[in-house]
Amino acid sequence: GVPTHQRTLDLTVVQPLTPLWGIYQGYKALELKSEISKLKSELTKDKIKLEIVKVYNSYNMLTDILKLLDESFEQLDRYEKNAEKFHKAGLIDETALYKIKVERAALEVEKEKYLGNQSVIKAALAMFMNRDEESFEIKYDKPEFHEITKSEDEIIKAQESNRTEMLMLNKNIEIQERLNKRAIQNFIPQVALTFGFKKNWDSTIINPEGVMFFGAVARWEFGFDTARQYYEYQAVKASSVSTELESVKLKKDMTLQVKKLMADIKVLEKAIEQNRTQIESAEVTQKIQEAKYEKQMTTETELLNAQLMVKKSKTEEIANLYKYKTALDELAIITGSEL
């Protein structure tokens, strides 16, 4: 027979919808992982910043202590001049002069120790920055004592919104939620949209020139794979529960860390107030002893003890001030908030 030729174009398009759900959830999970990577980088920067702050505060603390030692040397110079004057007048023997010299020698040892510590700190900073020690100077920044105006609850609330680790935990939980939604896909009907078009250039009554249609297809399968998919889903769900429990524990640990820092800060606030009272008392005693010594109404031992108490009280205040500043800096860095 004679072959027949049909000039037709038949086009059918099927767009599955249900898999798009899983693809979207997977995409959002990957996006969150990328955000966590950025947060990890920020966390590393915060840790480095905190270490630098601690070293910087230690260096400046030693600077203040060295200034205090210089004041003590000036006082000893005055005491020694008076002692020499009294010795020449025959009012005291050489033992008094030696007491002052011994005290001066002790201060020299103390000064060398602090200078050595400063040198080590600067060398460590230079190695950290990969720079020569002589190429930079560490700026002096005297700490000011200001009590925290924010409450503990306000700071804990601020860390929930700003702390890097807290943001990372929240994103981990969100990733797990996305994976849960993706795993559920195996148990919902598979829906697809269909679109068809047929063009016939040799049309007939029963075969029209053009046909177009829209529709949808749904499929829901159960079989041997369903059991496997169910256990896979349970594994994902268990992982999600584990992530949430771990996040709860870590959030509690972070809250405890903030509470401990706040407690330390409150103790230091009281300690600094006590130090200042002790300094006032010690300075009054020192002035009394100095006035008495001028009139030879007290000994060099009492005079030096009074000076030692002033130095001790001021040294404690300096140490507590810098501990306080470091604790505030740490609290601000880890919670990501201004104090």
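Conventions we followed
- Residues numbered from 1 in each chain as written.
- Predicted model: local features only at pLDDT ≥ 70, side-chain atom pairs only at ≥ 80, totals over all residues.
- Heavy atoms only, no water.
- Helix = DSSP H or I, 4+ residues; strand = E, 2+ residues; numbered from the N terminus.
- Buried < 20%, exposed > 50% of the residue type's maximum accessible area, 1.4 Å probe, protein only.
- Areas by Shrake-Rupley, 256 points an atom, 1.4 Å probe, with all protein chains shown as cover.
- Core = buried A, V, L, I, M, F, W, Y, C linked by side-chain atoms within 4.5 Å.
- Contact = heavy atoms within 4.5 Å.
- Salt bridge = Lys/Arg side-chain N within 4 Å of Asp/Glu carboxyl O.
- Axes fitted to C-alpha atoms, helices over the stretch in contact; angles between N-to-C directions.
- Parallel < 35°, antiparallel > 145°, perpendicular 65-115°, else oblique.
- Left-handed = near helix turned anticlockwise from the far one by under 90°.
- Nonpolar A, V, L, I, M, F, W, Y, C, P; charged D, E, K, R; others polar.
- 1 Å grid on protein atoms, 1.4 Å probe; cavity = no way out; pocket = protein on both sides within 12 Å on 5 of 7 lines; lining within 4 Å.
- Points joined across faces, edges and corners; volume = space filled by probe spheres on them.
- Expected span 1.5 Å × (residues − 1).
- Polar contact = N/O pair within 3.5 Å; in protein donor to acceptor, adjacent residues only side chain to side chain.

Draft legend 1. How the structure looks around the overall build of the protein. Scanning the protein for helices and strands turns up six helices and three strands. Along the protein, helices and strands appear, N-terminal first, in the series β-α-α-α-α-β-β-α-α. For the protein, with 339 residues in total, the buried portion stands at 35%. Summed over all atoms, the accessible surface of the protein reaches about 21600 Å², with 58% contributed by carbon and sulfur.

Draft legend 2. Summary view of the nonpolar core. One finds Leu76, Tyr79, Ala83, Ile92, Ile100, Tyr114 and Tyr293 to be the most contacted residues of the largest nonpolar core, which totals 27 residues. Among the elements of the structure, helix H1 (18–88), helix H2 (94–129) and helix H6 (300–335) are those that each provide at least two residues to this core. The dominant element in this core, judged by the number of residues it contributes, is H1, at 11 residues. Dropping the residues within four chain positions of it, Tyr114 is found in contact with Leu62, Ile65, Leu66 and Leu69.

Draft legend 3. Structural detail: the pattern of salt bridges. With the rule as written, the count across this model stands at 19 salt bridges. With a closest N to O distance of 3.2 Å, Glu283 and Lys314 form a salt bridge. Of this pair, Glu283 sits in helix H5 (residues 224–294) while Lys314 is found in helix H6, placing the two residues 31 residues apart along the sequence. Of the residues examined, Glu283 reaches a relative accessible area of 29% and is grouped as partly exposed. In the salt-bridge network here, residues are joined through shared partners; they are Asp77, Glu80, Lys101 and Arg104.

Draft legend 4. View of the packing of H2 against H6. Relative to each other, H2 and H6 sit at 20 degrees, their axes nearing to 10 Å. As the angle between them shows, H2 and H6 are arranged roughly parallel. Once H2 is placed against H6, the crossing between them reads as right-handed. In this structure, H2 uses Ala96, Lys99, Ile100, Glu103, Leu107 and Glu110 to contact H6, whose residues at the interface are Glu300, Thr301, Leu304, Gln307, Leu308 and Lys311. For the contact of H2 with H6, a count of residues per class yields five nonpolar, two polar and five charged.

Draft legend 5. The layout of surface pockets, seen in detail. Approximately 310 Å³ is the volume attributed to the largest pocket. As for the largest pocket, its lining consists of 17 residues, and the residues nearest its centre are Leu328, Asp329, Ala332, Ser337 and Glu338. Counting residues per element, the ones that place at least two in the lining of the largest pocket are H1 and H6. No other element matches the four residues that H6 contributes to the lining of the largest pocket.

Draft legend 6. Layout of H2. For H2, spanning 36 residues, the distance from its first C-alpha to its last is 53 Å, which sits close to the expected 52 Å at 1.5 Å a residue. Looking at where H2 begins, the residue whose side-chain oxygen comes 3.0 Å from the main-chain nitrogen of Thr95 is Asp93. Positioned one or two residues after H2, Asn130 has a phi angle of 60 degrees, which is positive.

Draft legend 7. Looking closely at unusual backbone geometry. Here Asn130, not a glycine, exhibits a phi torsion of approximately 60 degrees, which is positive. Position of Asn130 relative to the elements: it lies in the loop between H2 and helix H3 (152–162). You can call Asn130 exposed: its relative accessible area is 72%. The residue Gln296 is not glycine, and still its phi comes out positive at about 60 degrees. Within the secondary structure, Gln296 is located in the loop between H5 and H6.

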